[in-house]
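# Working through the structure, step by step
Here's the letter readout for the chains.
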2 protein chains.
Amino acid sequence: MKSFKFKSLKKKEQLCSLGSISKEVYFVKSGLLRLYYLHKGNEITAFLFSENLFASAFPSFLEQKPSEQVLEALENTEVFFISKDNLEQLYKDVPKFNIVTRKLAEQRFINAQRFFVSHLTQTPEERYRQFSQNFPDLIQRVPQHIIASFLGITPVSLSRIRNRKKKSV
Amino acid sequence: MKSFKFKSLKKKEQLCSLGSISKEVYFVKSGLLRLYYLHKGNEITAFLFSENLFASAFPSFLEQKPSEQVLEALENTEVFFISKDNLEQLYKDVPKFNIVTRKLAEQRFINAQRFFVSHLTQTPEERYRQFSQNFPDLIQRVPQHIIASFLGITPVSLSRIRNRKKKSV
DNA sequence: AACTTTAATTAACAATTGTTAATGAAAAGC
DNA sequence: GCTTTTCATTAACAATTGTTAATTAAAGTT
């Protein structure tokens, strides 16, 4: 457990920048991290990590190759983190740790698939409704254009959806 | 390795039906499996498992709860499979197996996230183009309305996309 | 506090998709 | 081989989204 260290971030600081090789995995103690891609000049949000979640630029971290993802603080944020080397050492010292992380990875896969399927089954409007139900705090804390990119629509379209919703309530 | 057994399936046979609890994980030796959800009466394809891929109704298998997913043969298919119990035993007998499956789960997560992001960054038309490039064999083998549901559009819309593409080539 | 930059809303128009329905083609069943 | 069912295409219309641009609101900076 001494493998984990502490870091304090100011808003907009990056834990993994574009093209860099991610060396650490993070646990969000307080604040909010955002994982995004740059696609045709736009920031496409892949995930939001709030308190008590593990966060990482996973493809880069696992395969130790330049990251296509950026991991950035949306607010002033405090994290615990462990380096790639220390994590490998931990696997050696405590083999049972493989079981823990295996189950974590499995759970993450299930979540990712669930997110994926929500894009197959739901309209943007339904996704927004569900998102605001599941994460009412994020609706408050996260700028709308970032939520829009996470839902796979433009900020303009999200604004219209919110407007429609308002009238129907 | 004796934990793995062999099974031969005819087209449309199900390895995991709706509401059942999945007891096995599969490896496709030949043929094609489809994983889908039922949503408002429509079959929404979540994934296609062709030769040499591991397939499962993962959420049901892991948590041993009634499945919302159906795992079904799209063609006559041959699979190897291992039961939940034998897999747990395997973990006990061969602890290193945790490392293997941990890495498998991590890889699956990366793939799922990649799929997810492709829905954020690409239009249905771009997704179809990319799908036909990445899986030219599936385009031939899989009925179009199933591909459409996997791309998150209606069969009608996919037909139009194909038509537009034809003209532009 | 005044200024600058960044966000959110609204409007207008083009393009795409969903929906329903009809037709034609292909596959499956008898 | 014939019938039935399933699948793919096409058409017409409604609804939604994307795009661009202008306006208003909010946030950040000096």
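Figured I'd write up the structure that's included with this text. (Residues numbered from 1 in each chain as written. Chains lettered and ligands numbered in written order. Predicted model: local features only at pLDDT ≥ 70, side-chain atom pairs only at ≥ 80, totals over all residues. Heavy atoms only, no water.)

Residue and element names in this part refer to chain B. Put simply, helix H4 (residues 124-134) and helix H6 (residues 144-151) touch, their axes get as near as 10 Å, and they point 120° apart. As summarised for this structure, H4 and H6 are arranged oblique, according to the angle between their axes. Read as a crossing pair, H4 and H6 show a hand that is right-handed. Along the contact surface, H4 presents Arg-127, Tyr-128 and Phe-131, while H6 presents Ile-147, Phe-150 and Leu-151. Residues of the contact of H4 with H6, tallied by class, amount to five nonpolar, no polar and one charged. (Axes fitted to C-alpha atoms, helices over the stretch in contact; angles between N-to-C directions. Helix = DSSP H or I, 4+ residues; strand = E, 2+ residues; numbered from the N terminus. Parallel < 35°, antiparallel > 145°, perpendicular 65-115°, else oblique. Left-handed = near helix turned anticlockwise from the far one by under 90°. Contact = heavy atoms within 4.5 Å. Nonpolar A, V, L, I, M, F, W, Y, C, P; charged D, E, K, R; others polar.)

A volume near 820 Å³ is recorded for the largest pocket. Lining the largest pocket are 33 residues, with A:Phe47, A:Asn111, A:Ala112, A:Phe115 and A:Phe135 positioned closest to its centre. Contributing elements (two or more residues each) for the lining of the largest pocket: strand S5 (42-49), strand S6 (54-55), helix H3 (97-121), helix H4 (124-134), helix H5 (136-141) and helix H6 (144-151) of chain A together with helix H3 (97-121) of chain B. Looking at the lining of the largest pocket element by element, the count peaks at nine residues for H3(A). Partitioned by chemical class, the residues of the lining of the largest pocket number 19 nonpolar, ten polar and four charged. (1 Å grid on protein atoms, 1.4 Å probe; cavity = no way out; pocket = protein on both sides within 12 Å on 5 of 7 lines; lining within 4 Å. Points joined across faces, edges and corners; volume = space filled by probe spheres on them.)

Residue and element names in this part refer to chain B. Between helix H2 (residues 84-93) and H3, the least distance of the axes is 8 Å, while the angle of their chain directions is 120°. Relative to H3, H2 is oriented oblique. Contacts from Leu-87, Leu-90 and Tyr-91 of H2 reach H3 at Phe-97, Asn-98 and Thr-101. Looking at the contact of H2 with H3 residue by residue, the class counts come to four nonpolar, two polar and no charged.

This part takes up the protein's contact with DNA strand D. Around DNA strand D, the structure places 18 residues, and the nearest of them are A:Arg160, A:Arg164, B:Gln144, B:His145 and B:Asn163. Within 4 Å of the protein, the atoms of DNA strand D are drawn from sugar and phosphate moieties in a proportion of 68%. In this structure, a phosphate oxygen belonging to DNA strand D sits 3.4 Å away from a side-chain N or O atom of B:Ser159. At 3.4 Å from a base nitrogen of DNA strand D is found a side-chain nitrogen or oxygen belonging to B:Arg160. Those elements giving two or more residues to the surface near DNA strand D turn out to be helix H7 (155-168) of chain A together with H6 and helix H7 (155-168) of chain B. Here the surface near DNA strand D is composed, by residue class, of six nonpolar, seven polar and five charged. (Near = heavy atom within 4 Å. Polar contact = N/O pair within 3.5 Å; in protein donor to acceptor, adjacent residues only side chain to side chain.)

Moving on, we come to the pattern of salt bridges. On inspection of all chains with the given rule, the structure shows 24 salt bridges over all chains. Overlapping salt bridges bring together A:Glu51, A:Glu75, A:Asp137 and A:Arg141 as one network. (Salt bridge = Lys/Arg side-chain N within 4 Å of Asp/Glu carboxyl O.)

By a frequent convention, interface size equals the accessible area lost on bringing the separate parts together. Counting residues at the interface gives 37 residues for chain B and 37 residues for chain A. Between chain B and chain A, roughly 3400 Å² of surface is buried when both sides are summed, and carbon and sulfur atoms account for 68% of that area. Counting every contact that joins chain B to chain A gives two salt bridges. A salt bridge links A:Glu126 to B:Lys40; the nearest nitrogen and oxygen atoms lie 3.2 Å apart. Taken together, chain B and chain A are joined by eight residue pairs in polar contact (both at pLDDT 80 or more). (Buried area = accessible area lost by both parts, 1.4 Å probe.)

Of the transformation placing chain B onto chain A, the axial shift is 0.0 Å and the rotation is 180°, giving an RMSD of 0.0 Å. Each copy turns onto its partner about a two-fold axis. Comparing interface residues between copies, 97% of those in chain B also sit at the interface in chain A, which points to an isologous, same-surface contact. (Least-squares fit on C-alpha atoms with pLDDT ≥ 70 in both.)

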